[in-house]
Amino acid sequence: MQTHKDCFPCFLKQTIMSLDRYADSGTVSQETQTDIMKDVLLLMAKADINRPPSYTTTYIHRLIRERLGADPYRLIKLRYNDLAMELYPALKKKVKAGRDPLRAASRLAIAGNIIDFGIFSSIDISGSIERALEEEIAVDDYGTFRHSLSEAREILYLLDNSGEIVFDRLLIEELECLGKKVKAVVKGSPVLNDATRDDAIQTDLTSICDVIDNGSDAVGTILEWTSPEFQDEFHAAELVISKGQGNFETLAGTEKETYFLFQSKCDVVSGELGLSPGSMLLKKS
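Here is what the cut-offs are and how they apply
Residues numbered from 1 in each chain as written. Predicted model: local features only at pLDDT ≥ 70, side-chain atom pairs only at ≥ 80, totals over all residues. Heavy atoms only, no water. 1 Å grid on protein atoms, 1.4 Å probe; cavity = no way out; pocket = protein on both sides within 12 Å on 5 of 7 lines; lining within 4 Å. Points joined across faces, edges and corners; volume = space filled by probe spheres on them. Nonpolar A, V, L, I, M, F, W, Y, C, P; charged D, E, K, R; others polar. Buried < 20%, exposed > 50% of the residue type's maximum accessible area, 1.4 Å probe, protein only. Helix = DSSP H or I, 4+ residues; strand = E, 2+ residues; numbered from the N terminus. Arc of directions from axis to C-beta. Expected span 1.5 Å × (residues − 1). Bend = angle between axes of the 7 residues up to and from the residue. Contact = heavy atoms within 4.5 Å. Axes fitted to C-alpha atoms, helices over the stretch in contact; angles between N-to-C directions. Parallel < 35°, antiparallel > 145°, perpendicular 65-115°, else oblique. Left-handed = near helix turned anticlockwise from the far one by under 90°. Pairing = 2+ DSSP bridges.

K.L.:
Could you clarify how one ought to interpret the layout of surface pockets in this entry?
P.N.:
One way to see where empty space is left: roll a probe the size of a water molecule over the atoms. When its volume is computed, the largest pocket comes out at roughly 460 Å³. Looking at the largest pocket, it is lined by 30 residues, and the ones nearest its centre are Cys-10, Gln-14, Ile-119, Gln-245 and Glu-249. Along the lines of polarity and charge, the residues of the lining of the largest pocket split into twelve nonpolar, ten polar and eight charged.

K.L.:
It is not clear to me how helix α7 (residues 142-151) should be interpreted in this structure. Could you clarify?
P.N.:
Residue pairs three or four apart in sequence face the same way in an α-helix, which turns once every 3.6 residues. Buried residues of α7: Tyr-142, Phe-145, Ser-148 and Leu-149, and no others. All buried residues of α7 project into a common sector of 115° when viewed along the axis, lining one side. Among the exposed residues of α7, those pointing more than 90 degrees away from its buried face are Gly-143, Ser-150 and Glu-151.

K.L.:
Looking at this structure, I do not really get helix α4 (residues 74-97). What am I missing?
P.N.:
Taking 1.5 Å per residue as the helical rise, α4 with its 24 residues ought to reach 34 Å, and the 35 Å between its terminal C-alpha atoms agrees with that figure. The largest bend along α4 measures about 45° and falls at Tyr-88, with the proline Pro-89 one to four residues further on. The complete set of buried residues in α4 reads Ile-76, Lys-77, Tyr-80, Asn-81, Ala-84, Tyr-88, Leu-91 and Val-95. Those residues of α4 hidden inside the fold are in contact with α1 (7-23), α5 (101-111), α6 (125-134), α8 (164-177) and α9 (197-202).

K.L.:
For this particular structure, what's the right way to read the packing of helix α2 (residues 30-45) against helix α3 (residues 53-68)?
P.N.:
When two helices pack together, their arrangement is given by the angle between their axes and by how far apart the axes lie. Relative orientation of the contacting elements α2 and α3 amounts to 155°, with a least axis distance of 10 Å. If you check the angle between α2 and α3, you find them roughly antiparallel. The hand of the α2/α3 crossing is right-handed. Residues Asp-35, Ile-36, Asp-39, Val-40, Leu-43 and Met-44 of α2 form the contact with α3, whose own contacting residues are Tyr-59, Ile-60, Leu-63, Ile-64, Arg-67 and Leu-68.

K.L.:
Any chance you could explain the sheet that holds strand β1 (residues 139-140) here in plain terms?
P.N.:
Two modes of strand pairing occur in sheets, parallel and antiparallel, and in both the strands are linked by backbone hydrogen bonds. Pairing is mixed across the open sheet formed by seven strands, whose spatial order is β1-β7-β6-β5-β2-β3-β4. Each edge of the open sheet is held by one strand with a lone partner, namely β1 and β4 (210-213). Of the strands in this sheet, β1, β2 (154-158), β5 (239-243), β6 (258-264) and β7 (279-284) touch α5, which is tilted by about 50° from β6. Against the sheet, α8 makes contact with β2, β3 (181-186), β5 and β6, and its axis sits at roughly 175° relative to β2, the strand it touches most.

And the structure:
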């Protein structure tokens, strides 16, 4: 993907949302907020439009965290991990109640991708769950997904957001029921509400499978910004499951056999895919 002109208003919107999010738990002067906005505008002026928008977004959120001296999403990440864990028992029953638990778990993993505070200020988790289980998925490569799983023993699972990580746990558990060894990947340090090792510990994912970090604070997975250790894991992986729109932006077109599970939440990505915003996808690379 390349950066589109419509990405620039979104860069500003994300900045404002981050500052508002921090104001919920901390204090930041109007002068500091104005200075941050001005610095973000300078970053936007230098944006490389030939690269995915995730590059510029990463620079912006590094600047915000540095200037605030804190992670503006820390508290909401904790809250949504707890909320998702409260939903977990009922979601687990939904997975096991159907004739195809893997299909149900994969759909719920896509439903969980609605928990994205880089794009939304409020979310409808219940509505997302209902749509994922009952409506047709816009791009559904599930049949190919099952075939690929039958030929792979080890899977690299790129996580996306906190809260959503609990929905991913459902799918990871089903993969392990099929005899697969799953290695889940979190971010090396905070960015937006993306999952880090702390989130994996809080949601008990570390007791379910191996959890590694990619050594990066980038939005999505910008391979050249990840650690050499993660790059080795990525290139050696038999099969990659990639969650979230940011990972799709940065990894679309990869030669590695990858399945993207996400919701197309912005007009730019939806336009690239020829889909309406809000579409759900289980898409092979």
